[in-house]
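Results of the structural survey
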Number of protein chains: 2
Amino acid sequence: MELAQAVLAGERLALSRTLTQVENDTPEGRSALNALFPHAGHAHLVGVTGAPGTGKSSLVNQLARYYRQPPAGEKPKRVAVVAVDPTSPFSGGALLGDRIRMRDLAGDPGVFIRSMASRGSLGGIASATAGVVQVFDAAGFDIILIETVGVGQAEVDIASLAHTTLVVEAPGLGDDIQAIKAGILEIADVLVVNKADHPGVDSTERALRSMLELAHPVAHTIVHHGRLEISASTATDGTLWIPPIQRTIATDGQGIEELADAIARHRTHLLDGGGWQRIERIRLQSELDILLQEALITCWRSKVPEDIYLETIDQLIERRISPHQAVEKLVPCNNQ
Amino acid sequence: MELAQAVLAGERLALSRTLTQVENDTPEGRSALNALFPHAGHAHLVGVTGAPGTGKSSLVNQLARYYRQPPAGEKPKRVAVVAVDPTSPFSGGALLGDRIRMRDLAGDPGVFIRSMASRGSLGGIASATAGVVQVFDAAGFDIILIETVGVGQAEVDIASLAHTTLVVEAPGLGDDIQAIKAGILEIADVLVVNKADHPGVDSTERALRSMLELAHPVAHTIVHHGRLEISASTATDGTLWIPPIQRTIATDGQGIEELADAIARHRTHLLDGGGWQRIERIRLQSELDILLQEALITCWRSKVPEDIYLETIDQLIERRISPHQAVEKLVPCNNQ
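Reading the values: the criteria
- Residues numbered from 1 in each chain as written.
- Chains lettered and ligands numbered in written order.
- Predicted model: local features only at pLDDT ≥ 70, side-chain atom pairs only at ≥ 80, totals over all residues.
- Helix = DSSP H or I, 4+ residues; strand = E, 2+ residues; numbered from the N terminus.
- Buried ≥ 20, exposed ≤ 12 C-beta atoms within 10 Å, placed from the backbone.
- Contact = placed C-beta atoms within 7 Å.
- Axes fitted to C-alpha atoms, helices over the stretch in contact; angles between N-to-C directions.
- Parallel < 35°, antiparallel > 145°, perpendicular 65-115°, else oblique.
- Left-handed = near helix turned anticlockwise from the far one by under 90°.
- Nonpolar A, V, L, I, M, F, W, Y, C, P; charged D, E, K, R; others polar.
- Pairing = 2+ DSSP bridges.
- Expected span 1.5 Å × (residues − 1).
- pLDDT = per-residue confidence, 0-100.

**Side note on the overall build of chain A**
Along chain A, the regular secondary structure elements total 13 helices and nine strands. The buried share of chain A, taken over its 336 residues, is 52%. When contacts within chain A are restricted to residue pairs at least 6 apart in sequence, those whose partners lie at least 24 apart make up 73%.

**Structural notes on the packing of helix 2 (residues 12-23) of chain A against helix 3 (residues 27-36) of chain A**
All names here are of chain A. Across the interface, helix 2 lies against helix 3 with an axial gap of 7 Å and an inter-helix angle of 115 degrees. One way to sum up the angle between helix 2 and helix 3 is to call them roughly perpendicular. Helix-helix and strand crossings are classified by hand; for helix 2 and helix 3 the assignment is left-handed. Contact residues: Thr 18, Gln 21 and Val 22 in helix 2; Glu 28, Gly 29, Ala 32 and Leu 33 in helix 3. Among the residues making up the contact of helix 2 with helix 3, the classes are represented as three nonpolar, three polar and one charged.

**Quick look at the environment of Thr 148 of chain B**
With respect to the helices and strands, Thr 148 of chain B occurs in strand 4 (residues 143-148). Here the alpha-carbon distance between Thr 148 of chain B and Asp 272 of chain B, two residues 124 residues apart in the chain, equals 28 Å.

**Comments concerning the pairing of strand 4 (residues 143-148) of chain A**
All names here are of chain A. In terms of burial, strand 4 is a largely internal element, six of the six residues being buried. Side chains Ile 143, Leu 145 and Glu 147 of strand 4 all project onto a buried face; the interleaved residues Ile 144, Ile 146 and Thr 148 project onto the opposite face, where all are buried too. Bridge count for strand 1 (residues 44-50) against strand 4 is five bridges, and the pairing is parallel. When the bridges of strand 4 are listed, Gly 47 appears paired with Ile 146.

**A few points about helix 12 (residues 306-317) of chain A**
When the terminal C-alpha atoms of helix 12 of chain A are compared, their 17 Å separation across twelve residues agrees well with the 16 Å that a helix rising 1.5 Å per residue should span. Arg 319 of chain A, located one to two residues past helix 12 of chain A, shows a positive phi value of around 55 degrees.

**Considering the confidence of the model for chain A**
Residue and element names in this part refer to chain A. Here chain A shows a mean pLDDT of 81. Residues at 70 or above account for 75%. In the predicted structure, residues 88-99 sits below a pLDDT of 50 and forms 33 contacts with residues beyond four places in sequence or in another chain. Residue range residues 217-237 is modelled with pLDDT below 50. Its contacts to residues more than four positions away, or to other chains, number 52 contacts. Across the predicted assembly, pTM comes out at 0.72 and ipTM at 0.79.

**Some details on the environment of Ile 242 of chain B**
Mapped onto the elements, Ile 242 of chain B comes out in the loop between strand 8 (227-232) and strand 9 (245-247). Measuring from C-alpha to C-alpha, the distance between Ile 242 of chain B and Val 190 of chain B comes to 8.5 Å, with 52 residues separating the pair along the chain.

**A short note on the environment of Phe 136 of chain A**
Residues and elements named next belong to chain A. Tracing the backbone through its elements, the reader meets Phe 136 in helix 6 (residues 122-138). A count of 28 C-beta atoms within 10 Å places Phe 136 in the buried class. In sequence terms Phe 136 and Ala 40 are 96 residues apart; their C-alpha atoms lie 8.2 Å from each other.

**Some thoughts on the packing of helix 13 (residues 323-330) of chain A against helix 11 (residues 275-303) of chain B**
The N-to-C vectors of helix 13 of chain A and helix 11 of chain B enclose an angle of 50 degrees; their axes lie 9 Å apart at closest approach. If you check the angle between helix 13 of chain A and helix 11 of chain B, you find them oblique. In the packing of helix 13 of chain A onto helix 11 of chain B, the handedness of the crossing is right-handed. Residues Pro 323, His 324, Ala 326, Val 327 and Leu 330 of chain A of helix 13 of chain A form the contact with helix 11 of chain B, whose participating residues are Leu 284, Glu 287, Leu 288, Leu 291, Leu 292 and Ala 295 of chain B. For the contact of helix 13 of chain A with helix 11 of chain B, the per-class residue count stands at nine nonpolar, one polar and one charged.

**Some thoughts on the pairing of strand 5 (residues 164-169) of chain A**
All names here are of chain A. Of all the six residues making up strand 5, six are buried; the element is thus mostly covered by neighbouring parts of the structure. Neither face of strand 5 is left uncovered, since the one carrying Thr 164, Leu 166 and Val 168 and the one carrying Thr 165, Val 167 and Glu 169 both have all their residues buried. Relative to strand 5, strand 1 runs parallel, the two sharing five bridges. Pairing of Gly 47 across the sheet is with Thr 165, part of strand 5.

**Remarks on unusual backbone geometry**
Phi at Lys 195 of chain A is positive, roughly 55 degrees, even though this residue is not glycine. Within the secondary structure layout, Lys 195 of chain A lies in the loop between strand 6 (190-193) and helix 9 (201-215). Phi angles above zero are rare outside glycine, and Arg 319 of chain B is one such case at about 55 degrees. When you line up the elements, Arg 319 of chain B lands in the loop between helix 12 (306-317) and helix 13 (323-330). On the basis of neighbour count, Arg 319 of chain B is assigned to the partly exposed category, with 14 C-beta atoms found within 10 Å.

Right, dumping it as structure tokens:
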């Protein structure tokens, strides 16, 4: 509770401690989250995803710098960066990246960068990320950039946390990447062709454009009760959002201002058309569902005697019962 | 039941139908799985994972061809390929790949290739993959190559299904890939440097070798109760398996025989040292845990009135209660 108060008062050390407690899902972290939750709900959550090699991290750095030093007449925004790395279950890879980035924006109290390594399960990392985002939101950060390294389902799920999702592509990344596009294109609110000074940029943009036309009307992916649902991203007033394609060169900052504009336009589109509240609902529901799953398992485990569980495993290994039969035995569901 | 019998009798059409039923988790699929389960447990499951652009698919194709046409004196093996594509939640990308591959090994009754698109949740794809693998195993396939596209946690989890895991790398894939290596290196039983004719192959192998030395003693990742555990891959007789590094050029078949040898040596290592049974236990337990989670959620949902759930969501959106408080309300866990 005191920790939460210090976070709300803007104390950086308290923020950092709270993030650690939340990431580790400690009782202190949970109680801080409960206290902070009513103060969250104002930040613009921007997901940044895309295949390895597209230069996502440089892009996120440039965006953060832009928000801190906007063109004359605009107010600097407070920016949090949450870098989710589900590919690195053991090692400190994420921390290394953290240090490299820190150098770039170090000393600026309006920027906070947090790297999260995977915690072994998709549910684990998704709920930890949701918690960390809530803390930043309550602490008054205006923009939260949620960067995911990798190209799997985890990234799709984590991107579904955001109000605005950037999908980053780059020229010349080979056939596998082409295949991946098909899936993640459909979660994109803004498409970024980074490394726009590399050869092949025209054909990359052309490919994106034709896939975009195929995918139209654009669908927005959401996770509901553990399943994917598709809801057209038409706003309630009938305005349709067509994902713009923005070229950038993150290494020298080209296209960043235009990209920030596209992000701001999407925010306005959501707020004007009712999409903001819809995403808020979906996001909180998906967060709840992940926590519900964890709670159900914890509760079940606390009730099933360990020897019955182990005995069932033995029968399974001797192939006397199948996995489905084992489940029927361990989770008898009586609907009375 | 008749479907299962036809699968055991080697009928290809029945096999194909059963795979579809299992993938869609139909009652027919479940009952086929129950009937087939006692007949499984003989196949060598080989996971193939690695970042996009490393040429995994070509490598898997070459391995399949090698097992079908082994050197004189060796018996051809029946090979199943399960291509898991968690990056493509909507589109038919996986099917396209399927057709391209099929052309290559078409008409050979000793090969069966199955592509699986993602089904929206990690649990979904992991349990569907486990089921499909069980069917192939019961149907008498000797080697099951489980290929995962992508580089996230999903791949780590799916790779943990296998007895032997190949991690495929290739020269010149940039920095993000380097970072990824750190995580997936630790699940590798055999490291493959594919595209060994490309520039930079020496430095890629050198990097792998130094990471391997860092990671020693090599750990094997397993999923237990939704958490990652690490168990040294020391066999019970004390023999330690050091992952060999094998160079290949999948496009022309170079190094494939040596790679197949390394896979066979790992199998012998597991069988001799007790590792085979240990992995079997871990695999079935992780399979059971995934099914348990699904069953717990289904059971809970059938018991909680929809209006209470929706009312809680509303309170959440109005930020009158936090996600953790909502869970405490919806899943009161009484330990009596």
